[in-house]
Amino acid sequence: MTTQTAHEAPPAARRAPIVPSYAEDAWWTPSDDSRTTDVLDANTGEPVARFGSQGLDLAAMVAHARGTGQEGLGKLTLHERALKLKELAMFLNERRQQLYEVSFGTGATKIDSMVDIDGGIGVLFTFSSKGRRELPNSNVVLDGPAEPLSKDGSFVGTHVYTRIPGVAAQINAFNFPVWGMLEKFAPAFIAGVPTIVKPATPTGHLTEACVRLMVDSGILPAGSLQLISGSARELLDVMDYRDMLSFTGSASTANSLKSHPNVIDGGVRFTAETDSLNAAILGPDAEPGTPEFDAFVKAVVTEMTVKAGQKCTAIRRTIVPKGREQAVVDAVSARIAQRVVVGDPRGEGTTMGALASLDQLRDVRGAVEAMLAAGGELAYGTLDAPVVRTAGGDDAVVPAGAFMSPLVLTWDDVDAEAVHSQEAFGPVTSVLGYEDVNDAVRLAARGAGSLVATVCTNDPETARALTVGIAGHHGRVHILNRETARSSTGHGSPVPHLVHGGPGRAGGGEELGGIRSVKHHMQRTALQGSPNLLTAVTGVWHAGADRVIAGSEAFGADPANVHPFRKSLAELRVGDAFASDLRRVDLEDILAFAETTGDTFYAHTDAKAAEANPFFPGQVAHGYLLVSWAAGLFVEPAPGPVLANYGLENLRFITPVAAGDSVRVTLTAKKITPRVTDEYGEVAWDAVLHNRDGEIVANYDVLTLVEKEDTTYKNWA
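Throughout, a residue's number is its position along its own chain's written sequence, starting from 1. A pLDDT threshold of at least 70 governs which residues receive local features in this predicted model, and a stricter bar of 80 or more applies before side-chain atom pairs are shown or counted, although totals over entire chains, interfaces and linings include all residues. Where side-chain values are given, they derive from all heavy atoms of the structure, hydrogens and water being excluded.

Quick look at the confidence of the model for the chain
The condition that has to hold: The pLDDT value tells you how sure the predictor is about a given residue, anywhere from 0 up to 100. Note on definitions: a residue-residue contact is assigned when non-hydrogen atoms from the two residues lie within 4.5 Å.
Here the chain shows a mean pLDDT of 91. Residues at 70 or above account for 97%. Considering only residues more than four positions removed or in separate chains, one finds that residues 2-13, a stretch of pLDDT under 50, has 26 contacts.

What follows is the structure in structure tokens.
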């Protein structure tokens, strides 16, 4: 990923407006505009914006985030914050055309803008859904089961996640000014951590337009989002161990940032996504004419031309079987010639826009020239200024535009250092031939760590060998064949559900990954204490904590207590429980269940065979018979606030139950999760089956949907 330098300022009469920052919940512009950086329309060279942040108080912004931002977000639960993301996504979705109009000036086509803008909005929708579905409606997230730390159960341990107490700052690259911001903002917001955004200058005016919409929506709590339009060189100086910095950009800048004293000694959490020489490997079975060959060629061209190849996930190295290089070059060249029209995105028929700036154009051309000098040969395209489609629909050379032809390079020496170390951050790919699968793995690994690689094959053994061989060098492996050619989201499209990042050269960081990325913004802490106090801290009942038990006096219940199934969420508390009486298991019950269900496994139906099995004390009851009976033992049959049973989790059968034994169940409200948008919530019940000797027969969680207020009985009555 390349960095950008400032353009020389155009004459004052033509100067564009300064893009403001958003600091401490107010828009701010520098009083001195003499040190601003000018941004030009990538297609026409006309001034569109100026950037300057001199005089901006970064320390005050960080303090505002830690104070006002943390306070406002902390008043909301994880679910409430997730719901706000959905509101925000809907708000932006209705106004995305405003962002498209700004995006065209960055060289982005309508498709490019959809990838960036619609993709970013989609991230908000996805995280909203996953946050409400996979996280508790609280601000403490349990991590794994409790660990007993004493023989009598009075001292236990567990792990929890809580939000970091500082700010999540993000420094982003120029290529995805909306998606790059929102994919970092969404998980931080759900975690409850305020964000400071520092976009790249060449496209920062699009980021500002999106932030302005987000602020104008009125959805976000005060202090939860701030924007730096311009330089932020001193940002790390005012951050400490409470904070997190996520960087996307060049490896050299990342190395400079992570060597800052506040990262090395001060404990600032730092994650980076940097340069990546991603590969696509064509399997030996994918010959011309196969669906795999066609899908491979399409993927390569797509990654060369979407965003004009300015993607950290673009295919830089196209690795194909030896002897098939020319066939791939010909097919890629033909597809480009047939389908790619370079020009102003506002022009009819344009499919690939300009690079983001003239500086970027110079950088890419310079990188290609260095690669050609190192042994690469130009197999398709030209380094000269191409004829392009203008906004008016004419074809012409536009010297002021940052336009570039797609380029395909070939190499006689596939081990030339330049092809595995030089990134031309534009519409450029190199075709390399490999000897065998092991050689393909070796060439892919020469990238020294990448974000993504595609393996294109319909042969299972080839898919396994290539994937296992390269996985340790990549953050993501995209396996492409005829079965996924139509449905795949593509080589170069990170999805919010899966991790985005990569080892080595790619930065060693990790973003996205669903709820994993929410936890990136949280601290995992070990807790030790009594079951009662751990229950109080986590909001989840721990075995050994106090209970209010209804049901059988013989097993610790108070008959005066109300059955927990008669309680709505307004009345139900963690620790409310029910203890049943014993129910005898007779051989006739076992045989009847076997006949009814068709489960005639010998341990239930053949006394001699069952006695010979070392796990069973003769004929035993089916586990599912006992779980069914448990429901009958704890259920309250009359209409009430419990609306439905929607499943079991973590079911384990511990002790077999022979004919003549008896079983009982104890059910305890373990976790209560009200739904923000519904009139009901979810309750997880700890269920334990015991035999007559008190041994645990089975344990599991019962999941029910329960009304917030008891209206069911009233409606039924």
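Still more to cover.
A few points about the packing of aromatic side chains
Basically, it comes down to this: Ring pairs are drawn from Phe, Tyr and Trp, using the six-membered ring of Trp, whenever the two centres fall within 6.5 Å, and their geometry is named by plane angle: stacked under 30 degrees, edge-to-face over 60, tilted for the rest. Summary of the burial criterion: residues with accessible area below 20% of their type's maximum are buried, those above 50% are exposed, and those between are partly exposed, where the area comes from a 1.4 Å probe applied to protein chains only.
Counted according to the given criterion, the structure contains 8 aromatic pairs. Plain terms: the ring middles of Phe176 and Trp179 are 5.8 Å apart, the flat faces sit at 65° to each other, and that makes the pair edge-to-face. Like Trp179, Phe176 is buried. Plain terms: the ring middles of Phe601 and Tyr602 are 4.6 Å apart, the flat faces sit at 40° to each other, and that makes the pair tilted. Its relative accessible area of 40% is what places Phe601 among the partly exposed residues.

So, the sheet that holds strand E18 (residues 407-411)
The test is simple: Pairs of strands are assigned from DSSP output, requiring at least two bridges between the strands. By the criteria applied, helices consist of DSSP H or I runs no shorter than four residues and strands consist of E runs no shorter than two, each listed in order from the N terminus. Each axis is a line fitted through C-alpha atoms, taken for helices only over the stretch in contact, and angles between the N-to-C directions span 0 to 180 degrees.
In space, the 7 strands of this open sheet follow the order E15-E18-E19-E14-E13-E20-E21, with mixed pairing throughout. Sheet topology places strand E15 (376-380) and strand E21 (474-480) at the edges, where each strand pairs with a single neighbour. Strand-to-strand twist of the sheet, defined as the mean angle between neighbouring strand axes without regard to direction, takes the value 25°. Sheet analysis places E15 next to E18, joined by 4 bridges and oriented antiparallel. Bridging from a neighbouring strand, Gly376 pairs with Trp411 of E18.

Let's talk about the environment of Leu99
Here Leu99 shows up in helix H3 (residues 96-104). Once residues lying within four places of it in the same chain are set aside, the contact partners of Leu99 are Ile117, Leu206, Ala209, Cys210 and Leu213.

Some words on the pairing of strand E20 (residues 450-456)
We count it as follows: Orient the strands so they point away from the viewer, and a crossover whose first-strand-to-second-strand path over the helix runs clockwise is right-handed.
With 7 of 7 residues buried, E20 is to be regarded as a mostly interior element. Sheet analysis places strand E13 (residues 279-282) next to E20, joined by 4 bridges and oriented parallel. Directly across from Ala280, in E20, lies its bridge partner Thr454. Taken together, E20, helix H14 (residues 460-471) and E21 form a β-α-β motif whose crossover is right-handed.

Quick notes on the side chain of Asn278
To keep things clear, this is the line we draw: In protein, a polar contact requires one atom able to donate a hydrogen and another able to accept it; more generally it is a pair of N or O atoms within 3.5 Å, and residues adjacent in sequence count only if both atoms are side-chain atoms.
Its location among the elements puts Asn278 in the loop between strand E12 (269-273) and E13. By relative accessible area, which is 0% here, Asn278 ends up buried. Engagement of the side chain of Asn278 in a polar contact is seen with the backbone nitrogen of Val452, the distance being 3.2 Å. Contact partners of Asn278, with chain neighbours within four places excluded, come to Cys312, Thr313, Ala314, Ile315, Arg316, Arg317, Ser450, Leu451, Val452 and His491.

Observations concerning the pairing of strand E7 (residues 156-163)
By the bridge criterion, 2 bridges tie strand E5 (residues 141-142) to E7 in an arrangement that is antiparallel. Within E7, the residue paired with Val141 across the bridge is Tyr161. Relative to E7, strand E6 (residues 147-148) runs antiparallel, the two sharing 2 bridges. Looking across to E7, one finds that Glu147 is bridged to Gly157.

Considerations on a nonpolar patch on the surface
The cut-off we apply is this: Surface patches are drawn from residues lacking salt bridges whose relative accessible area is over 30%; two like charges belong together within 9 Å, two nonpolar side chains (Val, Leu, Ile, Met, Phe, Trp, Tyr) within 5 Å. Exposure was quantified through the Shrake-Rupley algorithm and a 1.4 Å probe, taking into account, for residues, occlusion by the shown protein chains and nothing else. Here, a salt bridge means any Lys or Arg side-chain nitrogen found within 4 Å of an Asp or Glu carboxyl oxygen.
Residues Ile111, Met114 and Val115 make up a contiguous nonpolar surface patch of about 230 Å² in total accessible area. Here Met114 is to be found in helix H4 (residues 110-134).

Structural notes on the side chain of His521
Among the secondary structure elements, His521 is positioned in the loop between helix H15 (515-519) and strand E24 (522-529). Among the polar contacts listed, one links the side chain of His521 to the backbone oxygen of Ser517, at a separation of 2.9 Å. Not counting residues up to four positions away in its chain, the partners in contact with His521 are Arg163, Ile164, Ala168, Lys184, Pro187, Ala188, Ala191, Val193 and Met244.

Focus on empty space enclosed by the protein
The gaps of empty space that remain are located by a probe, the size of a water molecule, rolled over the atoms. Worth spelling out the cut-off: Two kinds of site are reported from a 1 Å grid over the protein atoms alone, namely cavities, where a 1.4 Å probe fits but cannot get out, and pockets, open sets with protein on both sides within 12 Å along at least five of seven lines, and residues are called lining when an atom falls within 4 Å of a point. Grid points are joined across faces, edges and corners, and a volume is the space filled by probe spheres set on the points. Charged means Asp, Glu, Lys or Arg here, nonpolar means Ala, Val, Leu, Ile, Met, Phe, Trp, Tyr, Cys or Pro, and polar covers whatever is left, Gly included.
Counting across every chain of the model gives 6 cavities of 30 Å³ or more. Considering only enclosed or pocket space, the largest cavity measures out at about 80 Å³ in volume. Taken together, Asn172, Ala173, Asn175, Phe176, Trp179, Gly180, Glu183, Lys184, Thr248, Glu273, Cys312 and Glu511 form the lining of the largest cavity. No other element matches the 4 residues that helix H5 (residues 179-191) contributes to the lining of the largest cavity. Of the residues belonging to the lining of the largest cavity, the class tally is 4 nonpolar, 4 polar and 4 charged.

Brief notes about the pattern of salt bridges
Taken as a whole and assessed by the stated rule, the structure comprises 30 salt bridges. Notably, a salt bridge pairs Arg66 with Asp243, separated by 2.5 Å at the nearest N-O pair. One end of the pair, Arg66, is in helix H1 (residues 58-74); the other, Asp243, is in the loop between strand E10 (225-227) and strand E11 (244-248), with 177 residues separating them in the sequence. Neither residue differs from the other here; Arg66 and Asp243 are each classed as buried. Of the charged contacts in the structure, one is a salt bridge between Arg212 and Glu208, with a shortest N-O distance of 2.9 Å. You can see Arg212 and its partner Glu208 sitting in helix H6 (residues 204-216), 4 residues apart, about one turn around the helix. For Glu208, a relative accessible area of 10% translates into the label buried. Look at the salt bridges and you will find they share partners, linking Asp415, Glu417, Asp439, Arg442 and Arg446 into a network.

Quick look at the packing of H4 against H5
Condition: These descriptions rest on fixed angle ranges, namely under 35 degrees for roughly parallel, over 145 for roughly antiparallel, 65 to 115 for roughly perpendicular, and the rest for oblique. Whether a crossing is left-handed or right-handed is set by the direction in which the near helix is turned from the far one by less than a right angle, anticlockwise for left-handed and clockwise for right-handed.
Taken N-terminus to C-terminus, the directions of H4 and H5 make an angle of 15°; their axes are 8 Å apart at the nearest point. Here H4 lies roughly parallel to H5, going by the angle between them. Helix-helix and strand crossings are classified by hand; for H4 and H5 the assignment is right-handed. Contact with H4, carried on its side by Val115, Asp116, Gly119, Gly120, Ile121, Val123, Leu124, Phe127, Ser128 and Gly131, involves Trp179, Gly180, Leu182, Glu183, Phe185, Ala186, Pro187 and Ile190 of H5 and no other residues of that element. Here the residues of the contact of H4 with H5 sort into 11 nonpolar, 5 polar and 2 charged.

Quick look at the environment of Leu236
Within the element layout of this structure, Leu236 appears in the loop between E10 and E11. With residues up to four places along the chain from it excluded, the contact list for Leu236 reads Leu245, Leu257, His260, Asn262, Val263 and Val268.

Some thoughts on the nonpolar core
Convention followed: What makes a nonpolar core is a set of buried Ala, Val, Leu, Ile, Met, Phe, Trp, Tyr and Cys residues whose side-chain atoms join them at distances within 4.5 Å.
Counting residues in each nonpolar core, the largest one holds 59 residues, and the members touching the most others are Ile319 and Val332. Among the elements that make up this core, the one with the highest residue count is helix H9 (residues 291-305) (8 residues). Residues within four places of Val332 in sequence aside, it is in contact with Val297, Val300, Val301, Met304 and Val408. Counting 49 residues, the second-largest nonpolar core is a separate cluster that includes Leu124, Val141, Ala191 and Met244.

Considering H5
Just so we agree on the cut-off: Given the number of residues in a helix, its expected span is that number minus one, multiplied by 1.5 Å.
Across its 13 residues, H5 extends 19 Å between first and last C-alpha, which sits within 8% of the 18 Å expected from 1.5 Å per residue. Most of H5 is tucked away, with 13 of its 13 residues classed as buried. After H5 finishes, the residue Gly192 shows a positive phi value of roughly 100°.

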